[in-house]
Amino acid sequence: MRKAGVVLAMVLLVAGCGAGCRESSDVHRRTQYLMGTVVTITVAGVGGDDADRAMNAAFEEIRRLEGILTFFSESSDLGRINAAAGERPVGVSAETIEVLTEARRISDASGGAFDATIGPLVSLWGFEVKERFVPPKEEIERARMLVDWRKMAVDPERRTVRLDRKGMKVDLGGIAKGYAADRAAEVLRQHGVSRALVAVAGDIRAIGEKSPGVPWHVGIQHPRDPGTVLGSLRIADRSVSTSGDYERYFIEDDVRYHHILDPATGRSAAASRSATVLAPTTILSDALSTAAFVLGPEKGIALVRSVPGAEAVIVDREGRVHVTPGLAGKVEGLAS
Ligand code: AMP
Ligand code: MG
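Overview of the structure.

This paragraph deals with the pairing of strand β8 (residues 216-221). Looking along a regular strand, one sees the side chains alternate between the two faces of the sheet. Counted residue by residue, β8 has 5 buried out of 6 residues, so it is predominantly covered. With 6 bridges connecting them, β8 and strand β9 (residues 229-235) associate as antiparallel partners. Residue G219 lies in a different strand from β9, and its bridge partner there is S232.

As a further point, take the packing of helix α7 (residues 176-190) against helix α8 (residues 282-295). Following both chains from N to C, one finds α7 and α8 inclined at 165°, their axes separated by 7 Å at the closest point. Compared by their axis directions, α7 and α8 come out roughly antiparallel. For the element pair α7 and α8, the recorded crossing hand is right-handed. Contacts between α7 and α8 involve A176, K177, G178, Y179, A181 and D182 on the former and, on the latter, T282, I283 and D286. For the contact of α7 with α8, a count of residues per class yields 4 nonpolar, 2 polar and 3 charged.

Let us look at the pairing of strand β15 (residues 272-279). Of all 8 residues that make up β15, 8 are buried, and the element is covered over most of its length. For strand β10 (residues 239-244) and β15, the ladder comprises 6 bridges, and the chain directions are antiparallel. Residue pairing in the sheet places T242 in a bridge with T276 of β15. Looking at chain direction, β15 and strand β16 (residues 311-316) are connected through 6 bridges and run antiparallel.

Moving on, we come to the coordination of the magnesium ion (ligand 2). The protein atoms that coordinate the magnesium ion (ligand 2) are G174 (O), D286 (O), D286 (OD) and T290 (OG1), at distances of 1.9 to 2.6 Å. For G174, a relative accessible area of 17% puts it in the buried group. When its relative accessible area of 3% is taken as the criterion, D286 is described as buried.

Our next topic: unusual backbone geometry. Look at D253: it is not a glycine, yet its phi comes out positive at around 45°. Take D253: it is sitting in the loop between β11 (249-252) and β12 (255-258). Within the chain, D254 stands out as a residue other than glycine whose phi angle is a positive 65°. Following the sequence through the fold, D254 ends up in the loop between β11 and β12. D254 sits in the exposed class, given a relative accessible area of 78%.

With that out of the way, let us pick up the site of ligand 1. Ligand 1 sits among 17 residues. The nearest are A113, D171, S243, L261 and T290. Between ligand 1 and D171, the relevant distance is 2.6 Å, taken from an oxygen atom to a side-chain nitrogen or oxygen of the residue. Within the backbone of G173, one N or O atom sits 3.4 Å away from an oxygen atom of ligand 1. About the coverage of ligand 1: the protein hides 96% of its 500 Å² of free accessible area. Residue composition of the shell around ligand 1, grouped by class: 8 nonpolar, 5 polar and 4 charged.

Reading guide: rules and limits
Residues numbered from 1 in each chain as written. Chains lettered and ligands numbered in written order. Predicted model: local features only at pLDDT ≥ 70, side-chain atom pairs only at ≥ 80, totals over all residues. Heavy atoms only, no water. Buried < 20%, exposed > 50% of the residue type's maximum accessible area, 1.4 Å probe, protein only. Helix = DSSP H or I, 4+ residues; strand = E, 2+ residues; numbered from the N terminus. Pairing = 2+ DSSP bridges. Axes fitted to C-alpha atoms, helices over the stretch in contact; angles between N-to-C directions. Parallel < 35°, antiparallel > 145°, perpendicular 65-115°, else oblique. Left-handed = near helix turned anticlockwise from the far one by under 90°. Contact = heavy atoms within 4.5 Å. Nonpolar A, V, L, I, M, F, W, Y, C, P; charged D, E, K, R; others polar. Donors = N, O, S within 2.8 Å, 3.2 Å for Na, K, Ca; no water. Near = heavy atom within 4 Å. Polar contact = N/O pair within 3.5 Å; in protein donor to acceptor, adjacent residues only side chain to side chain. Areas by Shrake-Rupley, 256 points an atom, 1.4 Å probe, with all protein chains shown as cover.

Dropping the structure here:
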């Protein structure tokens, strides 16, 4: 419940229309719970029936992708890849190849800070379950030794994926929501929509502007003050993703344990409180925000600067805000 509340608050901010705000009648918004989170689609500039048809098709596309990419099913592409780890290559859909190819590219670029083979550590820490505790050191070490994106063979021609070692597991929690936002946006476009915002929790894709000359307004959540914004960005035809340590976490002995793991230590990454990345696509902003979060302000900003069209806002472990030069002075409401 807590998580849904936070995400909903963010979505309202994202839509740029909070309590007391009245939107014009050609703005239509729908929310569904998909991919384990809140998905909100906002469509502007088309009539209600057309908007409904387009949004239904976009939600359907996200549901379809969830079926392919989920970690929590034995029959999904991911479930089958993981079950065959250390044994054989597995035939998968073109979508899975596309996501894993991008995942590998960001793993290479980030020196493994982003690693889609993080599955054994995700399962061990169990941020999805209620009973949360710090696992024994030896178990963390054992799981960490199974995390290595270079031991995942992706063959686009044969459309197969193979994990080298038994016990390895792919988890796409750090990239699949962004991919789904891109694909849903594509479906909206195919339905004639030219102004829309697709928000799969904190992974957001903007199509066009909200209205002529008025970009979409996206809030960056304050990492320690739920429901308030740290600053906001204006976007059109662009994507923005935020990774934060406030989404799924528990605190033990004054240490915050959360769902973004550093493959180098096997523990929650500790260099940042949040990382927000702007990029041309959401698959890219999603993977980069997770990578930048793990890397922290210096290396994270350097990584984002090396990617054409990408910008970042990183809140470090002390709460200081770092932005790429391209965003200097462009984050509204940000105390300097
Ligand atoms: P995000 O909120 O996009 O940063 O994604 C966080 C999710 O990605 C976690 O819940 C895990 O499923 C997965 N994840 C955690 N750490 C990593 C990592 N270092 N690289 C890739 N995926 C990760
Ligand atoms: Mg991500």
